[in-house]
Structures are given as C-alpha cells and as structure tokens.
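Read off the chains here:
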Amino acid sequence: MVDLSVNLSGLELDNPVIPASGCFGYGEEFSELYDINILGSFSFKGTTKEPRYGNPTPRIAETSSGMLNSVGLQNPGIEKVVSEVLPRMSGYFSKKVIANISGFSIDEYVYCTEKLNGIPKVGIIEVNISCPNIHDGGMSFGTDEKSAYEVTRAVKAVSKKPVYIKLSPNVTDITVIAKACEKAGADGLCLINTLLGMRIDVKGRKPLLANKTGGLSGPAVFPVALRMVYQVFETVDIPIIGAGGISSAEDVIEMMMAGAAAVQIGAATLKNPYICKEIIELLPAVAEKYGISSLKEIIGAAH
Amino acid sequence: MVDLSVNLSGLELDNPVIPASGCFGYGEEFSELYDINILGSFSFKGTTKEPRYGNPTPRIAETSSGMLNSVGLQNPGIEKVVSEVLPRMSGYFSKKVIANISGFSIDEYVYCTEKLNGIPKVGIIEVNISCPNIHDGGMSFGTDEKSAYEVTRAVKAVSKKPVYIKLSPNVTDITVIAKACEKAGADGLCLINTLLGMRIDVKGRKPLLANKTGGLSGPAVFPVALRMVYQVFETVDIPIIGAGGISSAEDVIEMMMAGAAAVQIGAATLKNPYICKEIIELLPAVAEKYGISSLKEIIGAAH
Amino acid sequence: MSEKYTVISNNVIAENIYRMVLQGNTEKITKPGQFISIGLDGFFLRRPFSVCDLSADKTTIIYKILGGGTKSMSSYKKGKELDVLSGLGNGFSIEKSGEKPVLIGGGVGVPPLYLLAKRLIEAGKKPSVIIGFNKSAEVFLREEFEALGCRTLVSTIDGSAGIKGVVTDALYQYDYDYVFTCGPMPMLKAVYDNTETGGQFSFEERMACGIGACMGCTCKTKYGYKRICRDGPVLEREEIIW
Amino acid sequence: MSEKYTVISNNVIAENIYRMVLQGNTEKITKPGQFISIGLDGFFLRRPFSVCDLSADKTTIIYKILGGGTKSMSSYKKGKELDVLSGLGNGFSIEKSGEKPVLIGGGVGVPPLYLLAKRLIEAGKKPSVIIGFNKSAEVFLREEFEALGCRTLVSTIDGSAGIKGVVTDALYQYDYDYVFTCGPMPMLKAVYDNTETGGQFSFEERMACGIGACMGCTCKTKYGYKRICRDGPVLEREEIIW
Ligand SMILES: Cc1cc2nc3c(=O)[nH]c(=O)nc-3n(C[C@H](O)[C@H](O)[C@H](O)COP(=O)(O)OP(=O)(O)OC[C@H]3O[C@@H](n4cnc5c(N)ncnc54)[C@H](O)[C@@H]3O)c2cc1C
Ligand SMILES: Cc1cc2nc3c(=O)[nH]c(=O)nc-3n(C[C@H](O)[C@H](O)[C@H](O)COP(=O)(O)OP(=O)(O)OC[C@H]3O[C@@H](n4cnc5c(N)ncnc54)[C@H](O)[C@@H]3O)c2cc1C
Ligand SMILES: Cc1cc2nc3c(=O)[nH]c(=O)nc-3n(C[C@H](O)[C@H](O)[C@H](O)COP(=O)(O)O)c2cc1C
Ligand SMILES: Cc1cc2nc3c(=O)[nH]c(=O)nc-3n(C[C@H](O)[C@H](O)[C@H](O)COP(=O)(O)O)c2cc1C
Ligand code: FES
Ligand code: FES
C-alpha cells in the first residue's frame, strides 16, 4: 500500500491532489459528477471583498497544449461566500477547503481574511497576489518583492489560519518574491499562477480575448512551473503547493520531486472534469512503478 | 499576388520567414535538404568570442507542445566562423545572414561585432542577451534594464551593421528592457528567446537535463511570445522580429499582426526540417484567405 | 455526463457543413437545445455542438468547418471513439411555447431547432420555421423540416435560395405567438428587435469547462450573471441584456 | 530525407518489444547502423530508431516500450502513415572490419546489428554475435542471427536464458579480430574495457533535430566534438572519450 497522505502546515490531506482555484468553482458542479470527498482538498474560486462580474467575454482562448483565460475574478463576494456558499458546501464536501482570496488593496485581503477566520470549513487561506487579469493593480502585488512582503505581513497579522501565498510566474526571479513572503511569515506558498499570454483573431485583426491578454495555463506551462517550484524549494523552508500544467499521475510525482508538498490541478480539470478522480485512482500504481511507498518521502527528491 | 516582402532596417527580405538561431546551425545541413535561398534570411547559431563545447548532455528534453534545450552555446568561436564558416556559406546561401552573437562580458560582444563589421554577408547583428543556459552571467544582460542598455550602447558604438537585440522572456516587464535597448540605439529587437524550464526524470529522481534547467520553446510558448511582441510594439518604434512557437503560416500572420516585422522559427524547424519551406509556400494562399495583399501592411494590425 | 460516443457516420451535407451521427448513451440529453462537448485529439479544449437529433442510443450533430478543430473532425471515420460530455446546458423549455411558435435559425444555429421542432410537434404545437444562410450552397435541413410537416422558409443573403435577405425579412409571412431562435449574435439581436412575443434565444460563447465551473462563458442578464454553458445557452427574451 | 512510411505490420516479439515493418522509399538508407526518426501524433519531438532490416521498399525497426512515445507506437495499426526522416547518421563502416568480427548488442542496441551482420556476410566476413538481455522473456533476434549462419551467444542478467551475466562474460568464447557494438552506455564501456581490437561503437543521445543542426546531441571525442545524430551514432574505438 502506497501512502498518499501529505501534510500542509498541520492540515492532513489524504492525498496531494487539489483542484486549483478558478477551475472548480465552489465544488458544487463537480459534486454532481463524483464524490469529491476523495480529493485532498480543493481551492475555491478567487474571492474578493465585493462581488465581481469580471472581464467582458470572450474570456477563453485555446493554445497549443493549453488555454488562456481572462475571467477576471468573477465571484459573488466574500459576504455571500461566507453566508451562503460555505454553509452549503458542507452538504457535498466534508473536508476542509482552501480559501483563495484576491484583492485590489491590502485592506481587501485583510478584510476577506477576517471574514474567513471564524469558518471551521476553511483549512488554509490562499492569498492570490498574482492574478494577471486585473488591470487595476491585482497583479503588481505578486511581481514586486516589497508588495508581496506587505500583503503577506498584513494577512498574517490577522489570520487565524495557515496563510499560503500564491505567486505569479511573470517575474524575473521568483525566488526573490518567495523569500519575501517567507520573511513576512507566510506558512506556505502556492505556485504558479498563469503566465500572461495572448492570441489574436486573425480574421478580425484583434486580440481574441476581450481583455486582450489572458493567463496561460495547461500542460504547456508545466516545465516553467516545475522549474519555479524547484528553484523556490531551494530558497525557502515552508511547504510549496505546486501548480501549472499538471494533468497526470506522473506529473504529480514529477512536481513533488521538484519540491511540491501537494499539487493543484487547474486547466486539466476544465478539459476533463473527472481528471482529479482519475489521478487519485492511478497514483498508487504509478507510485509503485517508481518504487515510491510514501508520497511524503519524494518531496524534493530531485534535489 | 500577395506581396510577402518585408524590410528590416534597410535589409529587404523576400519574405518574413527566418529560421531562428540555434535551430539552423550555419545553414549547411538544411542546404542539403532544399534550396535555402527561398528563405527571407536565417539567423546563425549563437557565436561567442572563444569556441565553446557547451553544456554536458543530455541537453534536450521533450515537453507538451514544446521542448527544452540546454545546449549552452556550442559554437566554433567567432574567429573560425569568420574565417571558415562564412566564406563557405556563400556556396549555399546567396542572401545576407543574421549573425547571432553571445558573450559573457560587454567586451566579448564588442569583439564579435568588430569581427563581423567587415563581412558583407552579414546583414544584421543579432545580440543575444538572453540565453538562459549559461551559468556565468550571459542571462543577466537580458533581465536587467541597465545591462541591456550598456551592451546595446557598446555594440552600437562599434557596429557598422544594424543591431538587433534579442530579449529574454524571463522578466517581469519586457517593455522596460525593450525601451532601454531602444534608448541605447538598437536598430531593432528580436523576441522571445526561451523560457526557463525544467523536466525531472522520475525514475532517476533528478533533473532530466544535465544542466538541470533549459530553455523552453515550441508551440507551447507562442501565446507568451505573442503577448510580449504585442506589448513591445506599443512601447518602441523600432522593428521587432517575432519568435516563439511559430509553426504555421497562420502563426506567422498572427505574430505579424501582434507587431512583428519578420518572424523567426526555431523548435518547429527541429521537429520538421522543411517547415520554413512549407510555410513560405503556404503564405500566399493563407494571406489571401484573410484578405491580405501585402504582409507589410499587417504589421501591428491587431492594435 | 462523460460518455464514449462512436462515430456512425460523418458526411458532408452542404458547403463545409457535416452531419455526424454518434452512437452512445444519450440519457443525459433531456431537452432540445442542449449540447454535447467533444474532446478532439491534439486540441486542448473541447468543442461544443448542439444536439440536432436524438434517439435512444444515437445523437446527431451538424457542424461547420470553422477552424482547426472542426476541420480535424471532418476527417473522422466511422468507428472512431470520442470522449464526450453529454447533456450540457438548460435547453429550450417547450412548456412555455405558444400554439404557433416560429423557429428561427441562422447557419449552424439551425441544428438544435430540428430536435426542438420534433418535440414541439409531439407536444401538439404547430411550429413554422425560418432558416437563413449566406447562399444556396450552404442550405441544409430544409427538407427535414418540411418532412416534419413544418412550413419552412429559407433566406439567403445573396438570394441564391429562398428569400433574398435575412431571416427577419421572412417573418411577416407568418402568424406566430412565440419565438425560438438560435444563430449568430447579430441575427439574435435582429430577431429580438423585430419580434414582440415571448421567446427563447440560444447563445454561443467561447467555453472552457462547459459545466459551469470556470466562469469562462458568463453573460449579464436582467436576472443576474448567467453561465451560457450551464444556465444557458437558452435565455428567455425578458432577461436578455444586449 | 523526409518520407512517408506506411505501417505494414507491428507485432510484439518479446516482453514490451515490438517489430514494426514500414513500407516506403528506403534509398536514403545506405549503411547498417543508420537510423530513422519518426514523428508521432501528440509528441513534439521525433523518436529515433535504428534500422534493423531493409529491402528496396521496406524498413524494419525493433523497439521497446519505454515511455509515452513508444507506448503510443505500439498501438499503431497496419496502414497508418508515418512522417519519417530516413537514412540518418553515419552508420557502421564494414570496410574497416576484420575477417572475424564480433557483434555485441544489448537490449534495444541489438537491432542494428542484424542488418550489419547481413552486410558483413555479403562482404564475405564471418561475424559472430553476442546479445545480452535482462531475462529470457526479453530475448529477441536470436533465431534470426542463427538463420544467417552466425554463431550466436545470449547472455541474461538473471541467467534465465543463455549465459548468466553480461555480454562481456561471453567474449572469451570467441576468437575475433574486430568489434561492432551497440547498447546502453555501461555495456559499451564494458566492451571497450574488455576488448583490444579495433572496433566501432554505436551511441545513443537525446536528440531534437536528428540532422546535425541543433547541437543537442554532441559528445567530445579525441577528434573533436561530434554530433551523435550526424557524425555518429557510430564512433571508432580510437576516438572515444568516456
Ligand atoms: C452551445 C454551443 C452550441 C454550438 N453548436 C454548434 C453546432 O451545432 N454546429 C456548429 O457548427 N457549431 C456549433 N457551435 C460552435 C462550435 O462550437 C464552434 O464552431 C467550434 O468550436 C469551432 O471549433 P474550431 O476548432 O473549428 O475553431 P477554432 O476557431 O479553431 O476554435 C478555437 C477555440 O474557439 C472556440 N470557438 C470558436 N468558435 C466558436 C464559437 N462560434 N462558439 C463557441 N466557441 C467557439 C472553440 O471551441 C475552440 O475552443 C456551438 C457553440 C456553442 C457554444
Ligand atoms: C540513434 C538512436 C537509435 C535508437 N535505436 C533504437 C532502437 O532500435 N530500438 C529502440 O527501442 N530504441 C532505440 N533508441 C532509443 C529510442 O529512441 C527511445 O527509446 C525512444 O525515443 C523513447 O521514446 P518514448 O517516448 O517511449 O520515451 P520517453 O522517455 O517518453 O521520451 C521522451 C524523450 O526522450 C527521448 N529519449 C528517451 N529515451 C531515449 C534514449 N534512450 N535515447 C535517445 N532518446 C531518448 C525521446 O526520443 C523523447 O524525445 C535509439 C535511440 C537513438 C538515439
Ligand atoms: C479559468 C481559470 C480561472 C482561474 N482563476 C483563478 C483564481 O480565481 N484565483 C487563483 O489564484 N488562480 C486562478 N487560476 C489559476 C489556477 O488556479 C492555476 O494556478 C493555474 O491555472 C495553473 O495551473 P494549471 O496549468 O493546472 O491550470 C485560474 C485558472 C484558470 C484556467
Ligand atoms: C536548440 C536550440 C538552440 C538555441 N540556440 C540559440 C542561440 O544560440 N542563440 C539565440 O539567440 N537563441 C537560441 N535559441 C532560441 C531560438 O532562437 C528562439 O528564440 C526560441 O527557441 C523561441 O523560438 P521557437 O519557439 O520557435 O523555438 C535556441 C533554441 C533552441 C531550441
Ligand atoms: S465554460 Fe466554464 S462556466 Fe461555462
Ligand atoms: S539532434 Fe540536433 S544536432 Fe544532433
């Protein structure tokens, strides 16, 4: 029997497989497809202080082995998530959830954190400082060392839960940002968010996405994500949730060997809504094939 | 008849298709496969002051819709290129070539430029400040605004040819670097070089490439390249050679609409050595399909 | 919802238009106007297509070659197995229809109206049909609608078949009390502007998940934000914001 | 060099080992030890395989399922068309061989030795053969070598077929004046260390272009840097640096 369990800052997960924020809504749609309690956990849709419509459509474009999205953080707002969505969630998900929050100012991050503090269902607060689809500044927190430090500080100061900072790959040196978050007290990191990309509608002679640019994710970005997790693992001592292009049990193992303590699966979940279930079912056999008896033991094994 | 011709700082090209540096050697191998005079031009293998072996093997790994390389600038050195390779080139390529040079100090770039100044066969000097496979500093020129400025200044000060700076995508804001190069007098820009990536050999529990990390290229990176070309086109007034993931005539047109005055094709050339020929042959029909009568006219059309 | 469908036939029926019949479990498809989403080799995202016809174990779609995905589909041979998400979207509610609904389709918006017409007739309604195309070479499903007993008008932009003009140019010929429509956005808008009865409008949007999880396909309605893939593709006339 | 090859047959011949016969123009393949590079649907890079046997219009390769690419190849059916770069690499020079060469192969290094043995026999030489595997279930080509009239020894690591041990454990049984060898790196090194005659060693390296343009597959030799894909895969004993 392969031991699939992993641990994120005290949160014990049956397995390292976590659907990524923005690709699993609040879990409800998937709970109609299969029993989502088999998941390690899931990270819910990036939630902000106020409700948001997000960007105009089209918000989706296809790329080779990947996709662009410019959803722009459509969400019902933290109030509604806390008062309606989270209570309902217990009906279909019995484990703790990862609460992904976004903001346009430090105050907003703090506001959302305080709202989530009292909710037992929330296991980890995942602070998205990296969404590239927001024109009014959301991205800059994740691309600037000082801002990353400050957001982390501020959220940590109020949070009663472990705080994981979700990093942007659109930076010259991700280890600098990672280090800043660790210094500011982050309990863990999650990387990567999407790479900024674009497609052009050749017939219409204009960007395909109404927002012009969007975030690239899917298998195309896997080698970039893997490299960043590998680099950050050598730089910090806090756990890393690895994300970016994972779409198979082999990818999960590769990402863990690079240094991830758990993984998130985004775009692949959109392509195949059953992918996380399939991966969890395959993991024991694939692990065995590579002589792995416990997934915990391979974290960072490639270093 | 669709007019395929484009112009790079006075160098008239029959068409915008240019095999990218490092993916076409010095052209000899391909000249055995087809008449390479149909190309707009080609960019030869990154050449340094001294001969270089490059990195240990394995230097190649596969990724979804792409590949990693860590060749590390294997080349015979500028002396030999000038005295042996370039004279021989006239036997199989009658047009002007783009001379891609790399260095580990500003002096080396200057040295190579001076060596190439007197060679009529060289149409453009392409200064690679972005190779991610060099541990002793080659990359830093392309990720730091000030260094990019200085290299460009120094090369421009001695060059008798148009100077194009080849930019790294591994930066937080490519427009800052692009702007610095323009200010320093660059005649044009070429982007993107490869994205830093990694793969892990799960069986061996170590990075697949001997050099650990390598440069990601191929269709996977096309949306990132396109976005950067689009951004840089809005920032500078000098011509841009667009590169990154191009593998079809449609991609060429998309890249030109983003702002590229010509394009380079790298990884796709390695997968299919005839790809540039095929694209050149298809371009007129594909252009016509989109109502394009002259490629020059669509440069930046998506803005 | 995830099914394996096998290609039974895949034939060209008009210029660049193909009919594909698929065998497999159809029980998730409960309403006309729903769609299926097909995974294609070599393409990351699935492709959504409206259900055009249905039996206990067969689903028919009609699709136009638009880009690489549909081009590749056109080469699929009998026996090919496809990974399909089936029974997506809300579909048309025929309960809300009047007695004499008009079904208005444009281009590849026409296919879902065929299953809709069948269901309306089964429910005792008397649907009439207007289908619009660019030119006669692109016309399809006309005979099939007529075979159902529906009066069917064709419009073409260039006048090479039926009425010269757009679908709304044919509207005056009918006496109708309800509208069902599917087609390109400008057509939907024209139908909206030129009709006053109640109606249901089927929209398209670029999709990623197709199941309501990613917020990729949201539109604003008078009743709030709706996901075209899950809360749509069919919207009621009164909720639409253009 | 770019050819369309059609799969004629593709059968399992040992544990995880397949023989694929391809039809198509073989004129670019002029020497044993050359390889072809096959483009696979869904994989970016081509896959290199040694030519195992050859006729005017047929090429045989023998391959092992190692990762995703070879796994996918194992499902290819008769009639499938492949995009192939043919006639790559320098190949073995049989002119340099002695009268009694020994051919030493390990695992999927064995296949090119078969065409080599044929050519050597045609040239009037008397090749003998040692082929090494992990275990008996993986042994292949033994009968074929014997059918050519070559004395053929098999070694297996676990002793389940032939001599227990590695290929070099069988060397003493032969009287030879030249070595041709192909197999995994540690085997090549062991052959190098345990032989003294002239010889040719065929190497593997991860490749991108396969035609000498990318410098992805370079190794250092006493005669300078060589590209395994173009200046190799066969190196002369005297130039090898380990
Ligand atoms: C609910 C719904 C029902 C549909 N029903 C049909 C139908 O019955 N028959 C038919 O021919 N077409 C239908 N379409 C449109 C069809 O999905 C697209 O034509 C098809 O996806 C184009 O794929 P492609 O690879 O050929 O084009 P590409 O342009 O190469 O596709 C690239 C990406 O854009 C998306 N895309 C492109 N055009 C559209 C579009 N118009 N709407 C949504 N996504 C698009 C593709 O799905 C893909 O993700 C429907 C679309 C939706 C949303
Ligand atoms: C000149 C040459 C001749 C060869 N001849 C044969 C042969 O006759 N029979 C046979 O079974 N195998 C042969 N190989 C090895 C064969 O190319 C690999 O086993 C195959 O490419 C693995 O592909 P995969 O997708 O299954 O494995 P993966 O590991 O998924 O492949 C990923 C990438 O690594 C490369 N790769 C993986 N293993 C090797 C390897 N050992 N050598 C080179 N590249 C590798 C692949 O080509 C691909 O680019 C030869 C290799 C070379 C270089
Ligand atoms: C449609 C979509 C919406 C996303 N929304 C969010 C979000 O709200 N918050 C966030 O932190 N990340 C968001 N992401 C990023 C993913 O969580 C993930 O980090 C990224 O997509 C890389 O993983 P992948 O390649 O597996 O998709 C989104 C990604 C996609 C594709
Ligand atoms: C094997 C390989 C070697 C390369 N060598 C060089 C080089 O020497 N100099 C350089 O400027 N770029 C080099 N590049 C980068 C390419 O020229 C090109 O910028 C990049 O690969 C993106 O284009 P692509 O996606 O079409 O490959 C190399 C790329 C590859 C794949
Ligand atoms: S496509 Fe994902 S919500 Fe509609
Ligand atoms: S694989 Fe490109 S030089 Fe050998």
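Residue indices follow the written sequence of each chain, beginning from 1 at its first position. Here chains are named by letter from A upward and ligands by number from 1 upward, in the order in which they appear as written. The model is predicted, so local features are restricted to residues of pLDDT at least 70 and side-chain atom pairs to those at 80 or more, both for listing and for counting; the totals for chains, interfaces and linings are taken over all residues. With hydrogens and water set aside, each side-chain value is computed from the structure's full complement of heavy atoms.

Let's talk about the overall build of chain A
Right, so step 1: To qualify as a helix, a DSSP run of H or I must reach at least 4 residues; to qualify as a strand, a run of E must reach at least 2; elements of each kind are numbered from the N terminus. Assigned secondary structure in chain A consists of 10 helices and 15 strands.
Right, so step 2: Radius of gyration: over C-alpha atoms. The globule rule applied is 2.2 Å multiplied by the number of residues raised to the 0.38 power. Since a compact globule built from 303 residues should have a radius of gyration of about 19 Å, the 18 Å found for chain A is in line with a globular shape.
Right, so step 3: Principal axes of the C-alpha set define a box for chain A whose edges measure 50 × 50 × 40 Å.
Right, so step 4: Put simply, chain A has 303 residues, and 69% of those count as buried.
Right, so step 5: Contact between two residues is taken to exist if any of their heavy atoms lie within 4.5 Å; hydrogens are not considered. The long-range share in chain A, meaning contacts at least 24 apart out of those at least 6 apart in sequence, stands at 72%.
Right, so step 6: For the accessible areas, the method is Shrake-Rupley and the probe is 1.4 Å, while residue cover comes only from the protein chains on display. If you sum the accessible surface of chain A, you get close to 9300 Å²; carbon and sulfur atoms cover 50% of it.
Right, so step 7: With 28 positive and 32 negative side-chain charges, chain A shows a separation of 6 Å between the mean positions of the two kinds. Remark: exposure states derive from per-residue accessible area (1.4 Å probe, protein chains only) relative to the maximum for the residue type, with buried under 20%, exposed over 50%, and partly exposed in between. When charges are counted, neither His nor the chain ends are considered; positive counts come from Lys and Arg and negative counts from Asp and Glu. Charge coordinates come from a single atom per side chain, which is NZ of Lys, CZ of Arg, CG of Asp or CD of Glu.

Observations regarding the overall build of chain C
Right, so step 1: If you tally the helices and strands in chain C, you get 4 helices and 16 strands.
Right, so step 2: The C-alpha atoms of chain C give 17 Å as radius of gyration, which agrees with the globular expectation for 242 residues (18 Å, within 12%).
Right, so step 3: Taking the principal axes of the C-alpha coordinates as reference, chain C spans close to 45 × 40 × 30 Å.
Right, so step 4: Residues classed as buried in chain C amount to 58% of the 242 residues present.
Right, so step 5: When contacts within chain C are restricted to residue pairs at least 6 apart in sequence, long-range pairs at least 24 apart make up 61% of them.
Right, so step 6: Summed over its atoms, the accessible surface of chain C is roughly 9600 Å², and 50% of this surface lies on carbon and sulfur atoms.
Right, so step 7: Across chain C, the centroid of the 30 positively charged side chains sits 3 Å from that of the 27 negatively charged ones.

Some details on the nonpolar core
Right, so step 1: By nonpolar core we mean a set of buried residues, namely Ala, Val, Leu, Ile, Met, Phe, Trp, Tyr and Cys, connected to one another through side-chain atoms within 4.5 Å. In this structure, Ile253 of chain A together with Ile253 of chain B are the most contacted members of the largest nonpolar core, which totals 285 residues.
Right, so step 2: Beyond its immediate chain neighbours, meaning those up to four positions away, Ile253 of chain B contacts Val202 of chain A together with Leu283, Val286, Ala287, Tyr290, Ile292, Leu295 and Ile298 of chain B.

A word on the interface of chain B and chain A
Right, so step 1: The partner chain A presents 42 residues to the 42 residues of chain B that form the contact.
Right, so step 2: Buried area between chain B and chain A, both sides added, is near 3500 Å², and the carbon and sulfur share of it is 65%.
Right, so step 3: Whenever a carboxyl oxygen of Asp or Glu lies within 4 Å of a side-chain nitrogen of Lys or Arg, that contact is scored as a salt bridge. Viewed at the interface, chain A and chain B are joined by 2 salt bridges.
Right, so step 4: With a shortest N-O distance of 2.6 Å, Arg199 of chain B and Glu254 of chain A are connected by a salt bridge.
Right, so step 5: Here a polar contact is recorded for every N or O atom pair within 3.5 Å, except that within protein the pair must consist of a potential hydrogen donor and a potential acceptor, and residues adjacent in sequence are included only if both atoms are side-chain atoms. Joining chain B to chain A, the criterion identifies 12 residue pairs in polar contact (both at pLDDT 80 or more).
Right, so step 6: Sort the elements by how many residues they give to the side of chain B that touches chain A and helix H7 (residues 222-233) of chain B lands first, with 7 residues.
Right, so step 7: When the residues that make up the side of chain B that touches chain A are grouped by side-chain class, the tally is 24 nonpolar, 10 polar and 8 charged. Accessible surface is computed with a 1.4 Å probe, and the buried area is the amount of it that two parts give up when combined, taken over both parts together. Lys, Arg, Asp and Glu make up the charged group, whereas Ala, Val, Leu, Ile, Met, Phe, Trp, Tyr, Cys and Pro make up the nonpolar group; the residues left over, Gly among them, are polar.

Details of the packing of helix H8 (residues 249-258) of chain B against helix H10 (residues 275-289) of chain B
All names here are of chain B.
Right, so step 1: A fitted line through C-alpha atoms serves as each axis, taken over the contacting stretch for helices, and the angle formed by two N-to-C directions is quoted from 0 to 180°. H10 packs onto H8 with a crossing angle of 65° between their chain directions and a minimal axis gap of 8 Å. Crossing angle aside, the handedness with which H8 passes H10 is right-handed. Residues Ala249, Glu250, Val252 and Ile253 of H8 pack against Ile279, Leu282, Leu283, Val286, Ala287 and Lys289 of H10.
Right, so step 2: Class assignment of the residues belonging to the contact of H8 with H10 gives a composition of 8 nonpolar, no polar and 2 charged. Helix crossings fall into two classes, left-handed where the near helix is turned counterclockwise from the far one by less than a right angle and right-handed where it is turned clockwise.

A short note on the sheet that holds strand E8 (residues 163-166) of chain B
All names here are of chain B.
Right, so step 1: A pair of strands counts as paired when DSSP detects no fewer than two bridges linking them. Read from one edge to the other, the open sheet built from 7 strands follows the order E3-E15-E14-E9-E8-E7-E6, with strand pairing classed as parallel. One side of each edge strand has no neighbouring strand; the edge strands of this open sheet are strand E3 (17-19) and strand E6 (97-101). The mean angle between the axes of side-by-side strands here comes to 25°, regardless of whether they run parallel or antiparallel.
Right, so step 2: With 3 bridges joining them, E3 and strand E15 (residues 262-265) adopt parallel strand pairing. Residue pairing in the sheet places Ile18 in a bridge with Gln264 of E15.
Right, so step 3: Across the face of the sheet, H10 comes into contact with E3 and E15 while running at roughly 175° to E3.

Brief notes about the site of ligand 1
Residues and elements named next belong to chain C.
Right, so step 1: For this purpose, a residue is taken to be near a molecule or strand whenever a single non-hydrogen atom of the residue falls within 4 Å of it. With respect to spatial proximity, 20 residues lie near ligand 1, and among them Pro48, Gly69, Thr70, Glu204 and Arg206 are the closest.
Right, so step 2: The backbone of Pro48 places a nitrogen or oxygen atom 2.6 Å from an oxygen atom of ligand 1.
Right, so step 3: In this structure, Thr70 approaches ligand 1 through a side-chain N or O atom, which is 2.4 Å from an oxygen atom.
Right, so step 4: With the chains in place, 88% of the 820 Å² that ligand 1 exposes on its own is no longer accessible.
Right, so step 5: Those elements that place two or more of their residues in the shell around ligand 1 are strand E4 (47-50), strand E6 (58-64) and helix H1 (68-73).
Right, so step 6: Residue contributions to the shell around ligand 1 peak at 4 residues, all from E4.
Right, so step 7: Residue composition of the shell around ligand 1, grouped by class: 9 nonpolar, 5 polar and 6 charged.

With respect to the relation of the copies chain B and chain A
Right, so step 1: The atoms used to superpose the copies are C-alpha atoms, taken from residues with pLDDT of at least 70 in both, and the fit is least squares. When chain B is fitted to chain A, the best match, at an RMSD of 0.0 Å, comes from turning it 180° and sliding it 0.0 Å along the axis. The symmetry that links the two subunits is that of a two-fold axis.

Regarding the pairing of strand E14 (residues 240-243) of chain A
Residue and element names in this part refer to chain A.
Right, so step 1: The alternating pattern of E14 places Ile240 and Gly242 on one face and Ile241 and Ala243 on the opposite face, and all of these are buried.
Right, so step 2: Pairing of strand E9 (residues 188-191) with E14 involves 3 bridges; the strand directions are parallel. Looking at the pairing, Cys190 lines up with Ile241 of E14.
Right, so step 3: Across 3 bridges, the pairing between E14 and strand E15 (residues 262-265) is parallel. For Ile241, the partnering residue across the bridge sits in E15 and is Ala262.
Right, so step 4: As a crossover connection, the stretch from E14 through helix H8 (residues 249-258) into E15 is right-handed. Looking down the strands as they point away from the viewer, one classifies a crossover as right-handed if the path from the first strand across the helix to the second runs clockwise.

Looking at the site of ligand 3
Residues and elements named next belong to chain A.
Right, so step 1: Contacts to ligand 3 come from 21 residues, most closely from Ser21, Lys166, Gly245, Gly266 and Ala267.
Right, so step 2: Between ligand 3 and Gly245, the relevant distance is 2.6 Å, taken from an oxygen atom to a main-chain nitrogen or oxygen of the residue.
Right, so step 3: Coverage of ligand 3 by the protein chains reaches 98% of its 600 Å² of free accessible surface.
Right, so step 4: Class assignment for the residues of the shell around ligand 3 results in 6 nonpolar, 13 polar and 2 charged.

Quick look at the interface of chain A and chain C
Right, so step 1: Facing 32 residues of chain A, the contacting portion of chain C comprises 26 residues.
Right, so step 2: Interface area, chain A with chain C, both sides summed: about 2400 Å², of which 61% is carbon and sulfur.
Right, so step 3: The largest share of the area that chain A buries against chain C comes from Tyr53, Glu62 and Lys271 of chain A, three residues that together contribute 27% of it.
Right, so step 4: Put simply, chain A and chain C have 3 salt bridges between them.

Let's talk about the domain arrangement of chain C
Residue and element names in this part refer to chain C.
Right, so step 1: One can read the domain layout of chain C as domain 1 (3-88) and domain 2 (94-204).
Right, so step 2: Either an automatic procedure or a domain database provided the assignment from which the domain bounds are taken. Taking only C-alpha atoms into account, the centre of domain 1 sits 22 Å from that of domain 2.
Right, so step 3: Opposite the 15 residues of domain 1 that make contact, domain 2 presents 16 residues.
Right, so step 4: Summed over both sides, the interface of domain 1 with domain 2 buries roughly 1400 Å², with 62% coming from carbon and sulfur.
Right, so step 5: It is Glu15, Pro32 and Cys52 in domain 1 that bury the most area against domain 2; as a group they hold 36% of the surface buried on that side.
Right, so step 6: The tally of links between domain 1 and domain 2 comes to 3 salt bridges.
Right, so step 7: Across the salt bridge formed by Lys135 and Glu15, the nearest N and O atoms sit 2.9 Å from each other.
Right, so step 8: At the boundary of domain 1 and domain 2, one finds 5 residue pairs in polar contact (both at pLDDT 80 or more).
Right, so step 9: Breaking the side of domain 1 that touches domain 2 down by element, the ones donating at least two residues are strand E1 (2-14), strand E2 (17-23), strand E5 (53-54) and E6.

Structural notes on the arrangement of the chains
Right, so step 1: The interface with the most contacts, out of 3 pairs of chains in contact, is the one formed by chains A and B.
Right, so step 2: For the non-touching pair chain B and chain C, the nearest C-alpha separation works out to 10 Å.
Right, so step 3: In this structure chain C stays clear of chain D, and the shortest span between their C-alpha atoms is 6 Å.

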